[in-house]
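Architecture at a glance
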Amino acid sequence: MNAGDFRAVMRRFPTGVTIVTTLDEGHPKGFTANAVASVSLDPPMVLVCVNRQARSHPLIAQTGKFCVNLLTLEQEALAIRFATHGERDPFETLTYRIHATGAPVIDDVLGYLDCELAEEHSAGTHTIFLGTVVACGYRDGAPLGYFNAGYRDFGCRIP
Ligand SMILES: Cc1cc2nc3c(=O)[nH]c(=O)nc-3n(C[C@H](O)[C@H](O)[C@H](O)COP(=O)(O)O)c2cc1C
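What you see is a predicted model, and the numbers here were worked out from it, not measured in a lab.

Reading the values: rules and limits
Residues numbered from 1 in each chain as written. Predicted model: local features only at pLDDT ≥ 70, side-chain atom pairs only at ≥ 80, totals over all residues. Heavy atoms only, no water. Patch = residues over 30% accessible without salt bridge, like charges linked within 9 Å, V, L, I, M, F, W, Y side chains within 5 Å. Areas by Shrake-Rupley, 256 points an atom, 1.4 Å probe, with all protein chains shown as cover. Salt bridge = Lys/Arg side-chain N within 4 Å of Asp/Glu carboxyl O. Helix = DSSP H or I, 4+ residues; strand = E, 2+ residues; numbered from the N terminus. Pairing = 2+ DSSP bridges. 1 Å grid on protein atoms, 1.4 Å probe; cavity = no way out; pocket = protein on both sides within 12 Å on 5 of 7 lines; lining within 4 Å. Points joined across faces, edges and corners; volume = space filled by probe spheres on them. Nonpolar A, V, L, I, M, F, W, Y, C, P; charged D, E, K, R; others polar.

1. Brief notes about a nonpolar patch on the surface
Together, Met-1, Phe-6, Val-9, Met-10 and Phe-13 give the surface a local cluster of nonpolar side chains, amounting to about 620 Å² of exposed area. Mapped onto the elements of the fold, Phe-13 is located in the loop between α1 (3–10) and β1 (15–16).

What follows is the structure, given as structure tokens:
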């Protein structure tokens, strides 16, 4: 078992792309994430695996709030922006709204899951944050995909 083989296998697993948002003393924060999964329907729960090095990691743990924003095909530039560890605020010029928890819901996303932190589990370099979904929303459109280390058009849309 080596890290290269592990990466090679995971590159073969297609996913959607999200921006997980939270708050830093009232200011919006977020990062691009695809390690997201549905966990439970009753109660509705999702998980997100967050690197302990990510700037949002302590913020999710402290505020107990996060929102999973599912990106559309048209939002690839946002995925790139929120995956870049820089000085520039990725929320600059971005419009968003606050719904239930206070974590930002980015305008025009395909769907969102606004969560209260329920549990956290340490796993290697990451923490698995489990959230109870307290509000959600969705619209029609095409999802942004990720496969073999690149953003993809999976050629599908709702409806
Ligand atoms: C497609 C894609 C998916 C990613 N998924 C995750 C993820 O699930 N969890 C995570 O901690 N980082 C993930 N990252 C990395 C973070 O987006 C990146 O490290 C980001 O810069 C972290 O935010 P920060 O710079 O504010 O610390 C992903 C990056 C890309 C490009």
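2. Re the sheet that holds strand β11 (residues 144–147)
Strand order in the open sheet made by the three strands is β1-β11-β12, with antiparallel pairing throughout. The strands lining the two open edges of the sheet, one partner per strand, are β1 and β12 (150–153). With four bridges connecting them, β11 and β12 associate as antiparallel partners. Within the sheet, the bridge partner assigned to Tyr-146 lies in β12 and is Tyr-151.

3. Some remarks on the layout of surface pockets
Of the pockets and cavities examined, the largest pocket occupies roughly 830 Å³. Forming the boundary of the largest pocket are 31 residues, of which Phe-31, Thr-32, Phe-82, Ala-83 and Thr-84 lie nearest the centre. Elements with a contribution of two residues or more to the lining of the largest pocket: β3 (27–33), β5 (44–51), α2 (56–63) and α3 (76–82). Residue contributions to the lining of the largest pocket peak at six residues, all from β3. Here the residues of the lining of the largest pocket are counted per class, giving 15 nonpolar, ten polar and six charged. Considering only enclosed or pocket space, the second largest pocket measures out at about 510 Å³ in volume. Taken together, Phe-6, Arg-7, Met-10, Arg-11, Phe-13, Thr-15, Asn-34, Ala-35, Tyr-146, Phe-147, Asn-148 and Ala-149 make up the full set of residues lining the second largest pocket. For the lining of the second largest pocket, the secondary-structure elements that each account for two or more residues are α1 and β11. Looking at the lining of the second largest pocket, the element that brings in the most residues is α1, giving three residues.

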